[in-house]
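# Understanding the architecture of this molecule
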Amino acid sequence: HALNNGFTRLKGCRDYLHGEVVGFCNLVQLELENKERELKKLIRFYKKVHLPTTLDDIGLGGISEKELNVVLKCAFSPSETMGNLAVPVSPNQVKKALERFR
């Protein structure tokens with residue numbers, strides 16, 4: 001939810017359902033955890049049921065570096081849950097993971 005909470009600070013993402021954005025964030029989490037098999041399986045399922053699999057699918061295909069920094073600042077704030085992931089990640093790792101979904 002930490003990444004979702006960051007995304008929802010951006011205007012482009014506000015037209016999408018909470019579950020759609022959180023579902024997309026699940027893909028990013030699997031990428032961060034290097035769970036390629038599960039990621040591919042979930043992407044196939046999401047496409048089958050028409051759920052978002054790219055940044056463009058949640059209105060953020062043109063996200064700027066400045067906007068991404070807003071998202072990451074929120075996601076990594078002390079009150080957020082980014083630290084609850086199975087593996088510790090940095091903002092730069094999240095940026096890199098997001099590149100897969102452009």
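Everything below is about the structure printed above this text.
Notes on the structure in this doc start here. Just so we're clear, the structure is a prediction, and the values are computed from it rather than from any experiment.

A count of helices and strands for the protein chain gives five helices and zero strands. Ordering the α and β elements of the protein chain from the N terminus gives α-α-α-α-α. Relative to a compact globule of 102 residues, whose C-alpha radius of gyration would be 13 Å, the protein chain shows 13 Å and is just as compact. Its C-alpha atoms put the protein chain at 35 × 30 × 20 Å along the principal axes. In the protein chain, which comprises 102 residues, the share counted as buried stands at 39%. Here the analysis covers contacts within the protein chain between residues at least 6 apart in sequence; of these, 65% occur between residues at least 24 apart. Just so you have it, the protein chain exposes about 6300 Å², and 51% of that area is on carbon and sulfur atoms. With 16 positive and 12 negative side-chain charges, the protein chain shows a separation of 2 Å between the mean positions of the two kinds.

Turning our eyes to something else, we now look at the packing of aromatic side chains. Applying the stated criterion to the full structure yields three aromatic pairs. Here a set of aromatic residues connected by ring pairs shows up, and it is made of Phe-7, Phe-24 and Phe-101.

What follows covers a nonpolar patch on the surface. Taken together, the side chains of Phe-45, Val-49 and Leu-51 make up a nonpolar region of the molecular surface, amounting to roughly 240 Å² of accessible area. Its place among the elements puts Phe-45 in helix α3 (residues 36-48). For Phe-45, a relative accessible area of 43% puts it in the partly exposed group.

Position of Asn-4 relative to the elements: it lies in helix α1 (residues 2-7). Those residues in contact with Asn-4 that sit more than four places away from it in its chain are His-18, Val-21, Val-22 and Cys-25.

Those residues of helix α4 (residues 65-75) that sit buried are Leu-68, Val-71, Leu-72, Cys-74 and Ala-75. Each buried residue of α4 sits inside an arc of 160° when the element is viewed along its axis, so together they form one side. Facing away from the buried surface of α4 by more than 90 degrees, the exposed residues are Lys-66 and Lys-73. Looking at the packing, one finds that the buried side of α4 touches α1 and α5 (91-99).

The rules behind these values
- Within each chain, residue numbers correspond to sequence positions counted from 1 in written order.
- Residues qualify for local features only when their pLDDT is at least 70, as the model is predicted, and side-chain atom pairs are given and counted only at 80 or more; totals for whole chains, interfaces and linings, by contrast, use all residues.
- Only hydrogens and water are set aside when side-chain values are computed; all heavy atoms of the structure are taken into account.
- Think of it this way: any DSSP run of H or I at least four residues long counts as a helix, any run of E at least two long counts as a strand, and we number them from the N terminus.
- Just to be clear, the radius of gyration here is over C-alpha atoms, and the globule rule we use is 2.2 Å times residues to the power 0.38.
- Each residue is placed in one exposure class: buried if its accessible area under a 1.4 Å probe, protein chains only, is under 20% of its type's maximum, exposed if it is over 50%, and partly exposed if it falls in between.
- For this analysis, residues touch if any pair of their heavy atoms sits within 4.5 Å.
- Note that accessible areas follow from Shrake-Rupley with a 1.4 Å probe, and for residues the cover is restricted to the protein chains shown.
- Counted as positive: Lys and Arg. Counted as negative: Asp and Glu, with His and the chain ends omitted from the count.
- A charged residue contributes its charge at one atom only: NZ of Lys, CZ of Arg, CG of Asp or CD of Glu.
- Working definition: a ring pair exists when centres of Phe, Tyr or Trp rings (six-membered ring for Trp) sit within 6.5 Å. Plane angles under 30 degrees give stacked, over 60 give edge-to-face, the rest tilted.
- The patches reported here contain residues having more than 30% relative accessible area and no salt bridge. Joining distances are 9 Å for like charges and 5 Å for nonpolar side chains (Val, Leu, Ile, Met, Phe, Trp, Tyr).
- Put simply, a salt bridge is a Lys or Arg side-chain nitrogen that is within 4 Å of an Asp or Glu carboxyl oxygen.
- What the arc covers is the set of directions going from the helix axis to the C-beta atoms.

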